[in-house]
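Take a look at the letters that make up each chain.
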Amino acid sequence: METLPIKKFVLETYGCQMNTADSELVEGILLNLGLEKTQDLHDADAIFLNTCAIRENAEVKVHSRLGNLHKIKRSKPHLIIGVLGCMAQNLKDDLLKNKPYVDIILGPDSYRNIPKLMNRHLTEKKSIVDTKLSRYEVYEDMFPSRGDTFNAWVSIMRGCDKFCSFCIVPFTRGRERSRSVDSVVTEVKKAVDQGFVEITLLGQNVNSYKHEKQSFADLLLAVSDIPGVKRIRYTSPHPQDINVELLEVMASRTNICNYVHFPMQSGSNELLKRMNRTYTREHFYYMAEKIREIMPNCGLSTDIIVGFPGETDEQFRETLDLMEKIKFNTAFTFKYSSRPYTRAEQFSDQISEQVKKDRLDEMLILQRKHTLELNLQKVGNFEQVLIEKESKKSADHWAGRTDSNEWVIVEKNHSKIKDIIPVEITEASGVILRGKEITGA
Ligand code: 5AD
Ligand code: SF4
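Residues numbered from 1 in each chain as written. Chains lettered and ligands numbered in written order. Predicted model: local features only at pLDDT ≥ 70, side-chain atom pairs only at ≥ 80, totals over all residues. Heavy atoms only, no water.

## Focus on the site of ligand 1
Logical step 1: In the vicinity of ligand 1, the contacting residues are I54, R55, F166, Q265, D303, I305, F334, K335, Y336, S337 and R339.
Logical step 2: With respect to ligand 1, the backbone of F166 contributes an N or O atom lying 3.0 Å from a nitrogen atom.
Logical step 3: The separation between a nitrogen atom of ligand 1 and a polar main-chain atom of S337 is 2.7 Å.
Logical step 4: Surface burial for ligand 1 is 86%, taken as the share of its 400 Å² of free accessible area covered by protein chains.
Logical step 5: Looking at the shell around ligand 1, the elements that each hand over two or more residues are strand 15 (299-306) and strand 16 (330-335).
Logical step 6: When grouped by side-chain class, the residues that make up the shell around ligand 1 number five nonpolar, two polar and four charged. (Near = heavy atom within 4 Å. Polar contact = N/O pair within 3.5 Å; in protein donor to acceptor, adjacent residues only side chain to side chain. Areas by Shrake-Rupley, 256 points an atom, 1.4 Å probe, with all protein chains shown as cover. Helix = DSSP H or I, 4+ residues; strand = E, 2+ residues; numbered from the N terminus. Nonpolar A, V, L, I, M, F, W, Y, C, P; charged D, E, K, R; others polar.)

## Concerning unusual backbone geometry
Logical step 1: Going from T235 to S236, the amide bond is cis rather than trans, its omega being 0 degrees.
Logical step 2: Examined against the element boundaries, S236 turns out to sit in the loop between strand 13 (231-235) and helix 8 (244-252).
Logical step 3: Non-glycine residue E212 carries a positive phi angle of around 50 degrees.
Logical step 4: With respect to the helices and strands, E212 occurs in the loop between strand 11 (210-211) and strand 12 (214-215).
Logical step 5: By relative accessible area, which is 68% here, E212 ends up exposed.
Logical step 6: For Q265, which is not a glycine, the phi torsion comes out positive at approximately 70 degrees. (Buried < 20%, exposed > 50% of the residue type's maximum accessible area, 1.4 Å probe, protein only.)

## Here's the deal with the site of ligand 2
Logical step 1: Residues in contact with ligand 2, as listed here, are C160, K162, F163, C164, F166, C167, V169, P170, N205, H238 and R277.
Logical step 2: Residue composition of the shell around ligand 2, by class: seven nonpolar, two polar and two charged.

## Observations regarding the pattern of salt bridges
Logical step 1: Applying the stated rule across the entire model yields 39 salt bridges.
Logical step 2: Between D419 and K416 there is a salt bridge, with its nearest N and O atoms 3.6 Å apart.
Logical step 3: Judged by its relative accessible area of 52%, K416 falls in the exposed class.
Logical step 4: One salt bridge connects E424 with K436, and the closest N-O pair in it is separated by 4.0 Å. Of this pair, E424 sits in strand 20 (residues 420-429) while K436 sits in strand 21 (residues 432-437), and the two are twelve residues apart along the sequence.
Logical step 5: Given the relative accessible area of 48%, K436 is considered partly exposed.
Logical step 6: Here the residues in one salt-bridge network are D22, D109, R158, R173 and R177, joined through shared partners. (Salt bridge = Lys/Arg side-chain N within 4 Å of Asp/Glu carboxyl O.)

## As for the nonpolar core
Inside soluble globular proteins, nonpolar side chains tend to come together where they are buried.
Logical step 1: Judged by nonpolar contacts, the single largest core of 54 residues is most densely connected at I156, L201, F216, L220, Y234 and V260.
Logical step 2: If you tally residues by element for this core, the top one is helix 6 (residues 181-193), at six residues.
Logical step 3: The next biggest cluster of nonpolar side chains, apart from the first, holds 25 residues, and it includes V10, V62, I72 and L91. (Core = buried A, V, L, I, M, F, W, Y, C linked by side-chain atoms within 4.5 Å.)

## A word on empty space enclosed by the protein
Logical step 1: One pass over the structure, following the stated rule, counts one cavity of 30 Å³ or more.
Logical step 2: Taken together, 14 residues line the largest cavity, and the ones lying closest to its centre are L25, P144, S155, R179 and E187.
Logical step 3: Among the elements of the structure, helix 1 (17-32) and strand 7 (151-155) are those that each provide at least two residues to the lining of the largest cavity.
Logical step 4: Of the residues assigned to the lining of the largest cavity, the class counts are eight nonpolar, one polar and five charged. (1 Å grid on protein atoms, 1.4 Å probe; cavity = no way out; pocket = protein on both sides within 12 Å on 5 of 7 lines; lining within 4 Å. Points joined across faces, edges and corners; volume = space filled by probe spheres on them.)

Scope: geometric values only; no functional claims are made or implied.
Dropping the structure here:
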């Protein structure tokens, strides 16, 4: 294995859970090289930013961080600055031209090459770029370095072939490819041996997982069979690939959580079509009902974009109307952001920032109402809560999640992190529930 004349590194992660998982992979590679992890920018010989390009403001954050790092590098010229992930893929030319102090630019399929490329940079003393996308790379044989928590992120597929017209992901992360069931099972068993109790299966399009003849539902069953796996979650699915077979598998196993992230994006058929979302408002509503019919206590969250090009007030109201009909437990709502390479970038009827902001505000108010309404219905219920961490507001309380993904605050009593405890919900305020542990007495 190569040895590098650098000792300590900082690795910062921006964006989605897929990036968190990728950073754990990169961290594993760097630790294997004998490097030490630090949080202190001034103590590091190499600083890597694992970046996100999904919306413009994600990029703005990284540009500003790079500005800070440039200042540090002025007084410490040997510092290596690396940009990894989606922005590296998307902005390599811009970075090379306008930020020559960035030494290493690596796309999401190039992490295996980090040792080689760091060496090349140190020998050739110039910026090194590797942003080739692969049709095969799934990092199947590599074990990530996981933090000491209860949940292990396990990436099962990479890339996206859906090409929603607003989304940059198919361009930054390339084509869909899946790992074998065996390699996922081996990784999950190892995570369980290391003490992890919850497994979150990850992919840009997690439920279009397909390996040889095995589907996402088959994979869920295989992971569910592994002793010691207390909870399984997955994200992010596409509504088109949620089917009754998958829902029935979820309902049949107690360790597969009753929670579906179900990204709606819009409630207008015309907009869904322009977004290339491949489903209609009616089908989406039908499937949301099916989810709750098959798993009555199922938590349902969504993603919605406001201000997509050409969105009329009437179409926006159709989205609010569908939210009203379905009532999601949680919604992640975004102002449309025009992204390079995408089809929607070409649309001439872009919406003004002010209109986007007003629509987002209105949507947030409606969603808050729904979240509270659904949470209030939980008061008096008994839920199984997995203790995840100490409550931010009180050292005497734990924060944990229900099977259906609501946060609950409970008194510590004798429980420990990673325990699943029975809790009676006593109070709902906004997104947070409070509860009382049911003890045997
Ligand atoms: N603008 C705003 N939101 C976007 N998303 C993806 N691309 C864009 C964009 N260009 C949102 C979608 C997706 C979530 C991960 O991010 O709602 O589901
Ligand atoms: Fe983007 Fe659509 Fe693929 Fe999700 S399914 S990553 S929104 S293109």
